[in-house]
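Close look at the chain arrangement
Below are the chains, spelled out letter by letter.
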Amino acid sequence: MKTNRLSHWLAILIGTLYFLVPLAATFEFSLRKIRGVYSFEAYRVVLADTQFKSSLGFSVVLAVVTIVFGMAIIVPMAYFVELRLRKLRPFIEFVTLLPLVVPAIVIVFGYLRLYNSSSILPLTNFTLGTNFLLACGYVTLALPYMYRSIETGLRSIDVRTLTEAAESLGASSGTIIWRIILPNIRSAMLSGAFLTFAIVIGEFTFASLLNRPAFGPYLQLIGANRAYEPAALAVMAFAITWACMGIIQVVSRNSVAARP
Amino acid sequence: MSFIEISHLRKSFGPSTVVHDFNLSIDKGEFVSFLGPSGCGKTTILRMIAGFEKATSGSIRVGGSEMTNLPPAKRNVGMVFQAYALFPNLTVAGNIGFGLKIAGKERGEIDARVAEMLELIKLPDLGGRYPYQLSGGQQQRVALARALAVKPQVLLLDEPLSALDAKIRVSLREEIRALQRELGITTVFVTHDQEEALSISDRIVVMNQGHADQVGTPSEIYNNPATRFVASFVGTLNLFEARVVDPAAGRVSIDGQPVVTRRDISAFGIADEAMVALRPEALTLGGGDDDRNTLTGTVEEVAFLGAVIRVRVRLREARVSLDIFNDPALELPKIGMPAVVSFKKEDLLIIAPS
Ligand SMILES: Nc1ncnc2c1ncn2[C@@H]1O[C@H](COP(=O)(O)OP(=O)(O)OP(=O)(O)O)[C@@H](O)[C@H]1O
Ligand SMILES: [Mg+2]
């Protein structure tokens, strides 16, 4: 019993060290830009860089567009699969896993072939078109994560019976999704949105090959040319991630107040 | 013309037909129960009335208008589910007012109607709670109020009480019946519990493998079961293969012992086999006057059931169970004791061959 508890603590300790030591080391390193003293000089340099702000801003907007666009496609699809086409579930699951199997570089070359300037739909000819293409690519990349979290949310409620109850009270499909389904899968959607956000913010391949000024290529650029700034960026990225998690915790706790 | 007319209704799922040629007329304000074993198609018929399931053929008319192919949202039919199906994200008041909100009613009107419904289900102070803060019985009452708030033409209930414990089940079924009488709403109630069906229905439809074996009032169903299935499904029953001795005089023999029935057996020939039945409560221990039939045997088992005591007597081959009221002054029959049981001549039921 005692040794058992000890081994539990040991496992937790090893796990924590595995994550914390590199992070602490990175943090320590990021403070050493000025020789001999600890300072936030590297952070100041990064924050003062206009490219930092513009690329981060670009990626945040893109992440939000990806989330909205992805949810608008995936939520109704997952809902109707759960409601009417349960037999299709294994097939849909397989399809949603494909983006994990096909490498991003293959996908993006496919896009470039299909939508290049001499194709029928020359999306890469103008900036908005390319941005749109990038967002579509991100929806594909995020598909496995978004679909899975939404499906988990849908399975936690009795979709069929709730739908029938609402239908017999006169509600249309749109009303049912908006008023009954969405509010009940809110925390599942939030976790899907969070994962998508994390993927889009750090994504490099798509953005780089489509030549968009996103955060991923910026990180790469800094990483290749500077010493202390990449460490500062990594620490900031962690801070942003943790802030997101904290916000999600608070939001989902508030929504839990309305649920068992 | 009845309020609900179901004619030649059929439903197949792939190759298997689960409802065959189902016909039923229900009057306005009537309370009809579908009673039958698991898998006999009760839910399927109810779902076709609600519009959740499409009929393979046949028609459903409500209030004179054709409903068969209307989507559920256009039918104005209230539905109560076994699993309550309250919307978890809405309060009790939000749930009850949902249908009215969808119908575009004004805030004040919705609030008034919700308050009225809360009063009706005797939960006037719980409007602000969420479903998970209610007991099962309370949730089901809210579900009932939600279905009734929009003033549907028909109320459908699919085993609404089976998830509740025995005490609440009885009190809630009485409440449902009282509410139904008060509002005069035409109601179809699905159950597999015969006592439930007998106690609250105007009429019962006894279902067997996708069709109605018998439709009648509780007393018709209980006292004059039309088929062997109905007789054995509704209540406990002693069934015997009797031999007809004299069709004109109603004389038959059960396990070699002569008895007389007041029911008409003139359709049978001499020495024909006839299925006859006796309810346990129609039998008494001990002989009686000459007007009663008697059977003799030995006591085989005595089971204490609370209000009644069930005694099983073995005749020669056959066994017969009978109920006697529990009376502390009474001496219980002993196992192995010889026994005489008797019953009135009109209590011997003849079950039509099916
Ligand atoms: N969607 C479906 N697909 C295939 N078969 C179905 C479907 N729904 C019901 N069935 C079949 O139809 C038959 C009748 O089912 P139904 O649910 O109507 O029975 P029930 O009388 O309500 O039973 P219970 O008392 O168990 O609820 C069953 O054999 C069931 O397996
Ligand atoms: Mg059923």
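Note that the structure is predicted; figures quoted are calculated from it, not measured.

Residues and elements named next belong to chain B. The environment of ligand 1 is made up of Phe13, Val18, Pro37, Ser38, Gly39, Cys40, Gly41, Lys42, Thr43, Thr44 and Glu159. Residue Thr44 places a side-chain N or O atom 2.5 Å away from an oxygen atom belonging to ligand 1. Here an oxygen atom of ligand 1 and a side-chain polar atom of Glu159 are 3.2 Å apart. Within the complex, 58% of the 630 Å² of free accessible area of ligand 1 lies under protein. Looking at the shell around ligand 1, the element that brings in the most residues is helix H1 (residues 42–50), giving three residues.

A few words now on the pairing of strand E7 (residues 154–158) of chain B. All names here are of chain B. The element E7 is largely enclosed, with a buried count of five among its five residues. Of the two faces of E7, the one carrying Val154, Leu156 and Asp158 and the one carrying Leu155 and Leu157 are both buried. Note that strand E6 (residues 77–80) and E7 share four bridges and pair parallel. If you follow Met79 over to E7, its bridge partner there is Leu156. Relative to strand E8 (residues 186–191), E7 runs parallel, the two sharing five bridges.

Side chains that differ in charge, positive against negative, can pair when their charged atoms come close. All names here are of chain B. Under the defined criterion, the tally for this structure stands at 26 salt bridges over all chains. Here Glu300 makes a salt bridge to Arg319, at a shortest N to O gap of 2.8 Å. Here Glu300, found in strand E16 (residues 292–304), pairs with Arg319, found in strand E18 (residues 319–325); they are 19 residues apart in sequence, far enough to count as distant. Glu300 sits in the partly exposed class, given a relative accessible area of 24%. One connected set of salt bridges, linked through shared partners, spans Glu300, Glu301, Arg312, Arg314 and Arg319.

This brings us to the domain arrangement of chain B. Residues and elements named next belong to chain B. The domain architecture assigned to chain B consists of domain 1 (4–228) and domain 2 (236–351). Each of domain 1 and domain 2 has a C-alpha centre, and these two points are 39 Å apart. Taken together, the contact between domain 1 and domain 2 spans seven residues of the former and seven residues of the latter. Buried surface at the junction of domain 1 and domain 2, summed over both partners, amounts to about 660 Å²; 48% is from carbon and sulfur atoms. Of all residues in domain 1, the largest losses of buried area upon contact with domain 2 belong to Tyr222, Pro225 and Arg228, amounting jointly to 76% of the total for that side. Our count for the domain 1 to domain 2 interface comes out at zero salt bridges.

The next thing to look at is the interface of chain B and chain A. Listed per partner, the contact involves 22 residues of chain B and 20 residues of chain A. Between chain B and chain A, roughly 1,900 Å² of surface is buried when both sides are summed, and carbon and sulfur atoms account for 68% of that area. Viewed at the interface, chain A and chain B are joined by one salt bridge. A salt bridge links Arg47 of chain B to Glu164 of chain A; its shortest N-O distance comes to 2.7 Å.

This next bit is on the UniProt feature "domain: ABC transporter" (unreviewed entry) in chain B. The sites that UniProt annotates as "domain: ABC transporter" (unreviewed entry) are residues 4–234 of chain B. Split by type, residues 4–234 of chain B is 37% helix and 26% strand. Its first and last C-alpha atoms lie 25 Å apart.

To continue, consider the packing of aromatic side chains. By convention here, two paired aromatic rings are described through the distance between centres and the angle between planes. Within the structure shown, the criterion is met by 15 aromatic pairs over all chains. Seen in terms of ring centroids, Phe31 of chain B and Phe189 of chain B are 5.6 Å apart; in terms of plane orientation they differ by 40 degrees. Their pairing is tilted. With Phe31 of chain B in strand E3 (residues 31–35) and Phe189 of chain B in strand E8, this pair connects stretches of sequence that are 158 residues apart. Among the residues examined, Phe189 of chain B registers a relative accessible area of 0% and is labelled buried. Aromatic ring contacts, followed pair by pair, group Phe52, Phe215 and Tyr218 of chain A into a single cluster. Directly above the ring of Phe3 of chain B sits Lys28 of chain B, whose terminal nitrogen or CZ lies 4.2 Å from the centroid.

Here we come to the sheet that holds strand E19 (residues 338–344) of chain B. All names here are of chain B. The five strands lie next to each other as E15-E19-E16-E17-E18, forming an open sheet whose pairing is antiparallel. The open sheet has two free edges, formed respectively by strand E15 (284–285) and E18, since each of these has just one partner strand. Looking at chain direction, E16 and E19 are connected through seven bridges and run antiparallel. By the bridge assignment, Asn293 is partnered in E19 with Phe343.

Before going further, it helps to examine the environment of Leu349 of chain B. Residue and element names in this part refer to chain B. Mapped onto the elements of the fold, Leu349 is located in strand E20 (residues 349–351). Overall, the relative accessible area of 5% leaves Leu349 in the buried class. Between the alpha carbons of Leu349 and Phe81 there is a distance of 37 Å; along the sequence they are 268 residues apart. When residues no more than four places from it in sequence are discounted, the contact partners of Leu349 are Asn223, Pro225, Arg263, Met275, Val276 and Ala277.

Turning our attention to H1 of chain B. All names here are of chain B. Most of H1 is tucked away: eight of the nine residues are buried. Taken together, the buried positions of H1 are occupied by Lys42, Thr44, Ile45, Leu46, Arg47, Met48, Ile49 and Ala50. Taken from the residues just after H1, Gly51 is the one with a positive phi, measuring 95 degrees.

Residues and elements named next belong to chain A. Each domain of chain A was delimited in the assignment, giving domain 1 (1–30) and domain 2 (41–258). For domain 1 versus domain 2, the separation of C-alpha centres amounts to 31 Å. Taken together, the five residues of domain 1 in the interface contact ten residues of domain 2. When domain 1 packs against domain 2, close to 610 Å² is buried across both sides, 82% of that on carbon and sulfur atoms. Its largest share of buried area at the contact with domain 2, domain 1 owes to Leu23, Phe29 and Ser30, together 75% of the area lost on that side.

All right, on to the packing of helix H3 (residues 50–84) of chain A against helix H6 (residues 127–155) of chain A then. Residue and element names in this part refer to chain A. Where H3 contacts H6, the axes come no closer than 7 Å and their chain directions differ by 45 degrees. With respect to H6, the axis of H3 lies oblique. H3 and H6 meet at a crossing whose hand is right-handed. Split by residue class, the contact of H3 with H6 holds 23 nonpolar, three polar and two charged.

Reading the values: rules and limits
Residues numbered from 1 in each chain as written. Chains lettered and ligands numbered in written order. Predicted model: local features only at pLDDT ≥ 70, side-chain atom pairs only at ≥ 80, totals over all residues. Heavy atoms only, no water. Near = heavy atom within 4 Å. Polar contact = N/O pair within 3.5 Å; in protein donor to acceptor, adjacent residues only side chain to side chain. Areas by Shrake-Rupley, 256 points an atom, 1.4 Å probe, with all protein chains shown as cover. Helix = DSSP H or I, 4+ residues; strand = E, 2+ residues; numbered from the N terminus. Buried < 20%, exposed > 50% of the residue type's maximum accessible area, 1.4 Å probe, protein only. Pairing = 2+ DSSP bridges. Salt bridge = Lys/Arg side-chain N within 4 Å of Asp/Glu carboxyl O. Domains from an automatic or database assignment. Contact = heavy atoms within 4.5 Å. Buried area = accessible area lost by both parts, 1.4 Å probe. UniProt positions renumbered as here; feature names shortened; annotations may be inferred. Phe/Tyr/Trp six-rings, centres within 6.5 Å; stacked < 30°, edge-to-face > 60°. Lys NZ or Arg CZ within 6 Å of the ring centre and 35° of its normal. Axes fitted to C-alpha atoms, helices over the stretch in contact; angles between N-to-C directions. Parallel < 35°, antiparallel > 145°, perpendicular 65-115°, else oblique. Left-handed = near helix turned anticlockwise from the far one by under 90°. Nonpolar A, V, L, I, M, F, W, Y, C, P; charged D, E, K, R; others polar.

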